[in-house]
Amino acid sequence: MSYQEVETLDKRGEMDVEDRDSPFDVAPDRYGLLSVHLSTDEDSDEDAPDQETFNDEEPALPPPDLKWLEELYEDDHGDVDRDGDLAVAAVNGKKRRCAETARMFKLRRNLDQLDRFHRQEEDDVLKAREELQLCRQNIGSLVEDRENLEDEIERQRAADNSVAVFRLRAQHKYLCQKLQSEEELEGYINTGLKHQELLLSEVEVELGRFSSLRQEVQEEKRVFQVLQDQKAATRLQQQSKANQHLQFKMQHHRDKQAAMLKKVEAECQKKIEEGQANRKIAAKYLKETIKRMHRQEAEKEQQSRELLEKRIQAVKSLKSNIAATQESLQVQQSRAKASAQKKEQRQRQLKESLEAQGINSIKHMYQQKQLEEIKRKQAEFEERQKSKRVEIVEKMLQEGQQEKSRKRHQALPPKPSATDKFPSLGRAREKLLRYLEPGPPSATKERAAIQLRQLSDISSSSSASSDVEDLEETLHQEVDRQSLADSLAEPEFPGLWDQNYKTLLKEKTTSVQTDLKQEEPAMASGKLNIPAKKVHGKELKGPPFISKPEVILFKDFEVGTMYKKTVVLTNISYVTNHCKLLGVSTQLKDFLSINFESPVSLSTGMSCDMQAVFQPLINEDVEGELQFASAVGRFSVPVRCTIKKCNLEVDRQFIDFGSHVVGQTISWTITLTNKGALPTLFSLDTSTCLSPETSQAQTASQVSADACRQEKRSQNTTSDDQSSPVSMGTGELQPKQESQEHPEASATGPEVIPETCVSTDVHVQMDQSHSDSGDISLGNVREGEIGPFESLKLEVVFTPTIPGEAKLDFHVKFSDLTCKPIPIQARGVAVSVPVCVVQPCIDLKICMFDRLYQDSIMVQSRASTALKLTFEVCPEMRKHMEILPKTGFVQAQSSFNAQLKFLPRSSLSKDAKKLFDSDTGVLEVPMMVQVAGQVKPVHFTVHAVVTSSDLQFDRTEVDFGFCSIHRSVKSSVRLTNLSLLPQDFGFLGVPEFIELQPDDGFGTLLPQETLEIDLMFSANKAKEYHFQLSCKSGINRDFPLSCRAVGVCPPLQLSHSLVQFGATAVGDLSTAVLYLINLQTNHNQSKQPVPPVVKDTVAPVAPRLFSFSLPEDSDISITPSAGGLLPGERCLVQVTFRPRLSDQDIKEEALRLLQRAKSLREKELERNRHAEHEAKKEVPVETGKQKKTSLTPKSSKASDGPNSDQLTESPSPADIQPWSEQYEEARASLLYAFTQHYRECTVPCFVSDGGPPEDDRQARPAWSPFNTLYLKLQCPAVQPPLVLISNKGKNVVDFHQLAVGEKVIKRFTVQNISREALDLRPSVLDVHGPFSLLNALRHIRPGEKHTLVLAFCPSLEKKYCEILEVCSQKMTLEMTLCGEGLVPAVTSSHPGGLLDFGYVLEKESTSHVLKLQNSSAVAVGFRVLLASLSPSRPQGGADSVAFLLRTYTDSQVQPTVGTQNHGGLSVFSVVPAEGSIAPGQSLDVAVTFKPDHPSVNYSDRLTIELMNKSKVCVVDLKGAASSHNMYLFGGDLLSVPIESLLPPLITGQPHLTAESELMEKPTNPALVTLRAGYSAGVFTPAVRELQVGCIRSPQSIKKSGEFHWDNVASLQQLGFSVEPSKGTVETGHRRTITVTWTPHSGYKPYEVVQTCLPLTLKGNETNVYRVTLMALVSTTAD
């Protein structure tokens, strides 16, 4: 059995103990929807149909088969009898067999299975009892509810409430059914309980049978545990050593990586600096190149313009030449015609004369023509020969000019001349010269040659022969190729352009030179190759004369000094010959003069002398030849003149020092020789990265001297150019020469600055190289001057200090630019001493005090003999360090090992103060090995870091205080490792009532690490505890910790001490239900075990008060949070977990978002500012106005800057208001980024010692800290899948105050932010309530939104509140709906009734304003209704007329809806027709009367109605319309009130005149009925009133109207009187006319008196009313 299996068995046993100690485990879900899993024995199910039964999650184990246990028991006893006791065998150290080990584990596993089965049976019995108890409680509550219901039925029956009786009977029936099901469940549970008790008793009997086996297994386990502990200790020690070794390797690897990283960083930094310097140099020269390119482009453009102008001039001259040529041609043609005519005339005359003489004229004329033709051809031939001779001479002169120019520019690489490249061409030229000029050229011949050359310039444009043209083209191509190679500009510094062209060009020139060498082998010696000739039968090869010396050499000349040299010419031909000096080369004419007397004849072998005098004027190398003529042919003698030069060399460029021992000094001398005649400065440079260009760096004085020398040379060259006759050549050669001179000037000019720049770099590199040169160094002579033909000794010293190979590469640099640096390499190998320590630095790493550490010291010998070694330890360390053996012998070419022992003691800091740093613990001990015969001892060092091995607790004693037996008390101690090494620790012998975490008190502490260890004390009895914990380290050191505690038994108990909520989304809630039980009773008080310490604190049996104390800003709520319990009672406690986001987190997130937005704005502003800055750089300002305009935006931006900074200043968290825009953005950001959050909290429940005192019930009762109960809550919060994104995230939809009867609609939107689709479903709202959901919920995918539409329509004046739940699979979103209904209070300025608008002219309008006042606290909506627009009013026809006449026959009041306009529009209009009145405000409603035809029957009814159908006022509208401004009002009705909408029928009438129209104008009838009263024989006069009015109108011309009655006198006879009979009426007013009838004395009863008279009204027009007066006597008249 392995160590891991034993740990698994131990942990499994500890888990079983934990299950027994903490029996409560709650895992709740949402209240009412999800089940709450409780691992307890006291749970109830009050509402069986609504709630699920609480079951244990652990499945029931099947009853075990105990046969195998009996067999194992028999085998066990048999083995014990045979082999003896297992424990005795283990103690005696006998070897255990594999079968015995397997048997022990099998026995242990089977016994554990039996124990688990026993515990399962106990749990089943407890659960069955709990279920039976809950069932009986439910039955009792149902019986009580049934009795109450029966009493209620009797009461309702006595009250004769049949509806309630039927409803209660249905409930009674439901209760009876439920009670019957509960009773059946009780019987079923009781039967199961008896069966479970029976099984439990059987298992307990079996446990008793195998008790002896259990003891044996425990003994076996103990023995096996001892063995495993020993193995584990061994493995742990091995693992610690392996860990130390691994740490050493890792530290070494880290150091190595750090060194490599530093090296790479240094190299990178060096490369960066070099790159920056190169970039600066490149930028500098690039600018110069760009300037030069611009300058060249400008020159090209100027040349192109000049060329264009030349072409224009040429075209103009061509036109003029063409015109002149045409004129000359015409003249010539006319002349030719005249001459032809004269010629014909002469021929005719000659023919006539010849015929007259008798001569054949035809024959004679033919002979004359033949003679003329021959003369012409001969002249043409001579002319052609002359022209060809002139061309040949011109070509020869051009070649000579080219040769002179090449010799003048000797700074460039030598180029073969045209004659050198074409030897056949040169030979042909010599032949032609000899043919044309057999003797030396005279002055006349030179002038002739010049004239011929001028003629050739004139005739060069004409056509020439093909062979001459080909020769000329060939020459031009060669010269152009050479000039192209010379004119290519060299790059300013290497690296930008490749040097491919020059290499190709060099290859081509070398190939051409090799070809020329093959063709002309004699050209190398400077002699002219002459074809072989035969003289006297012998073939002559080579020149006819030889010179001694062969080459006339003037070496190392100085300007201004004359040099002479004698030359002997010897005839080597086979015939007598003569020698004549033809001339000297052109480049030598100014410096060389020849004294030579030509001999007449020289036999073979004879010689003659010649003296050459050389007087140099310029300091340049000059080459040429002396040309001679002989009888055999021409020959030449080369002449060379060289200046003083430096020719430097060393005798050795590679120095090999060989192998030498460290400490020796070896020197080597090299010789530097100057074989030239010019002195120079030299210096030794050890930099290895010199290029050929930078190696030519000079000092300032040398550079200036070279510049002066170069300037003089250029002046001499220009003077030579001016004096030379090359300028007389063709114009095509001069540009080529200029192009050849320009690269030289450009190459020499700008090179001065780079050389000086590079020289500084060279000096820096020299300094670095001197400092880093290593073991090989240079001698004292590092720079100086070497004279002409002088030698110097340079010393190189090799001093090896470190074994290994040493290298040094250096250059010998010279101030002369023509001398290249000479590279020299030095190599040497350093060999160490014969005896050395293989590991010169011994690192013991980290060591602890009082622990022994060992290491091996290996000494290696390379000597050929044995040597004696003596190890010495400093006196300070002899108590702590020892080397064994102290003396030894190491054999030849072998090694010797010594043992180093290090045992640091606590007195190390006192003994070795200089070697040991007590603060850091670093120890550095210098050691040495004395070698016999070796003066220098071998040193090595021992390094170590010495540290302590102590473990320290932060306190010496732990006091747990009072601890309830139903809970655990946790206390934390801090264990610190004071060592620099990791240490293992473990608490051994821990009591069963103590639990250590983490890892059960075992672990490893890193160096200087502090670990917090939790000590959990669980009292199993009410008593005092004193115990000690022992912590052992990995090196078996013991560190004790004292502990004490007091165990108490509280009076109250929670049914569950742990509540595990399910994953609850933010905004959702989860609920768990538990019970608080008072375990005390009146009978069991004396049975409570009370320790002596707490006897005084236990109170007598009394009601216990409790109070839950929740933490601040907690998401937990407990109902009830406080209360009291009598002995034996229990209280249901509901715990709700509602996770939410804290205001502080939201405000911090808002600040973070504001800071982020601010940073983004700043970056954008910086980017824009940078872009504007770049744009301003690119676009230059041209005028001053533009500058001013460009400055104004800056000032404006500068002025806007502080304001923008003030606006973007970040607020503090207190400035962010809840539910503001920033607050909502931050809340949404937290919700979208919310991750799972787990939180645990412990809620204390304080329990009093008893009730308040009897004398003062308001006093605060006493509370005991050890009676406090603790409820642990595990609250995991997750991201909500459904969030509210409208209404500012609030889950309260407030409809505020609303008038009763009105309806308001609000919307809120939810969004699915999860990764799964959600099915939404709402809860059911109150059907009779004011709230309603107007749309259906649907299935929404991730990221989708859905809007819910809610309506609020209150019917009563009260406050409403309701909860709407939006349910999904993972959460329920609760929305609180609230609102208040108010009865509106709206009044009108018009009380109601009749509103008469009076008379109005047709098609004009008048208005009246009604003011509505809202006195309520809410806005009230209203609408204005007109009866004429109501769809329910009676429409036209006879029925409506009859309806109206039936109602209004005897009344003067018109019907509701009277006459309407003919146009279809309502005659009465209202503005506004509907609207809303704000609280406490008023609103004007304008009623307008606008008729379109005359009528007096206009009427309508106006009703102002609120939204709840209540009426504010009802107004009857009445009005009349007239077509004239004067009207008559009053009298009786003569027609029905309702008119037809059809226009009146118009019949055709004859035309009337004005008078007849006036006389026969229709009149308006009017009827006035007068009823006089008669009572007691006395008549009461009848009085009626008529009113005449004048309508105010802007169209009326007159301001007043008139009226008068006609035939008033006739009225008096009948008893009528009218007052007034005439008068005037002002506009807008009425005048009352009173008509009175008094019966006369002879009046007969029931007689009707009737008369008719006209009433004339004069206004804008004259109207006549025919008024009929009808009078009678009525006895009923009032």
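Cut-offs and rules
- Residues numbered from 1 in each chain as written.
- Predicted model: local features only at pLDDT ≥ 70, side-chain atom pairs only at ≥ 80, totals over all residues.
- Heavy atoms only, no water.
- Phe/Tyr/Trp six-rings, centres within 6.5 Å; stacked < 30°, edge-to-face > 60°.
- Helix = DSSP H or I, 4+ residues; strand = E, 2+ residues; numbered from the N terminus.
- Buried < 20%, exposed > 50% of the residue type's maximum accessible area, 1.4 Å probe, protein only.
- Patch = residues over 30% accessible without salt bridge, like charges linked within 9 Å, V, L, I, M, F, W, Y side chains within 5 Å.
- Areas by Shrake-Rupley, 256 points an atom, 1.4 Å probe, with all protein chains shown as cover.
- Salt bridge = Lys/Arg side-chain N within 4 Å of Asp/Glu carboxyl O.
- Lys, Arg positive; Asp, Glu negative; His and termini not counted.
- Charge placed at Lys NZ, Arg CZ, Asp CG, Glu CD.
- Contact = heavy atoms within 4.5 Å.
- Pairing = 2+ DSSP bridges.
- Axes fitted to C-alpha atoms, helices over the stretch in contact; angles between N-to-C directions.

Colleague: I keep staring at the packing of aromatic side chains and nothing clicks. Help me out?
Modeller: Pairs of aromatic rings are described using the distance from one ring centre to the other and the angle between the two planes. Enumeration over the complete set of coordinates arrives at 30 aromatic pairs. Measuring from ring centre to ring centre gives 6.2 Å for F953 and F987, while their planes differ by 50°; the resulting arrangement is tilted. One end of the pair, F953, is in strand β31 (residues 951-953); the other, F987, is in strand β34 (residues 983-988), and 34 residues separate them in sequence. The burial state of F953 is the same as that of F987; both residues are buried. Put simply, the rings of F960, F993, F1017, Y1025 and F1027 touch in pairs and so form one group of aromatic residues.

Colleague: Help me understand a nonpolar patch on the surface in this model?
Modeller: A cluster of nonpolar residues, V661, V829 and V831, forms a patch on the protein surface that exposes about 180 Å² of accessible area. Relative to the helices and strands, V661 is located in strand β14 (residues 654-661). The class for V661 is partly exposed, based on a relative accessible area of 34%.

Colleague: Is there a simple way to explain a negative patch on the surface in this structure?
Modeller: A grouping of E144, D145, E147, E150 and D151 is seen on the molecular surface, where their side chains present a negatively charged patch. One can find D145 in helix α4 (residues 98-158).

Colleague: Help me understand the environment of V1133 in this model?
Modeller: Structurally, V1133 can be placed in strand β47 (residues 1130-1137). Along the sequence, V1133 and L1076 sit 57 residues apart, while their C-alpha atoms lie 6.9 Å from each other. Setting aside its immediate chain neighbours within four residues, V1133 contacts A1072, V1073, L1074, L1076, F1108, I1118, T1119 and P1120.

Colleague: Mind showing me how you'd approach the sheet that holds strand β32 (residues 957-964) here?
Modeller: Through backbone hydrogen bonds, the strands of a sheet pair up, either in parallel or in antiparallel fashion. With mixed pairing, five strands are arranged side by side in an open sheet as β32-β39-β38-β34-β36. This sheet does not close on itself; its edge strands, each paired only once, are β32 and β36 (1002-1005). Averaged over all adjacent pairs, the angle separating strand axes in this sheet is 25°, with direction ignored. Sheet topology note: the β34/strand β38 (residues 1024-1033) ladder contains four bridges and is antiparallel.

Colleague: Looking at this structure, how should I read the pattern of salt bridges?
Modeller: If the charged atoms of two oppositely charged side chains come close together, the side chains can form a pair. A full pass over the atoms with the stated rule returns 32 salt bridges. With a shortest N-O distance of 3.1 Å, D112 and R108 are connected by a salt bridge. Taken together, the residues span about one helical turn, with D112 and R108 both in helix α4 at a distance of four residues. By the burial criterion, D112 is buried, and R108 matches it. Here the salt bridges do not stand alone but share partners, grouping E373, R376 and E380 into one network.

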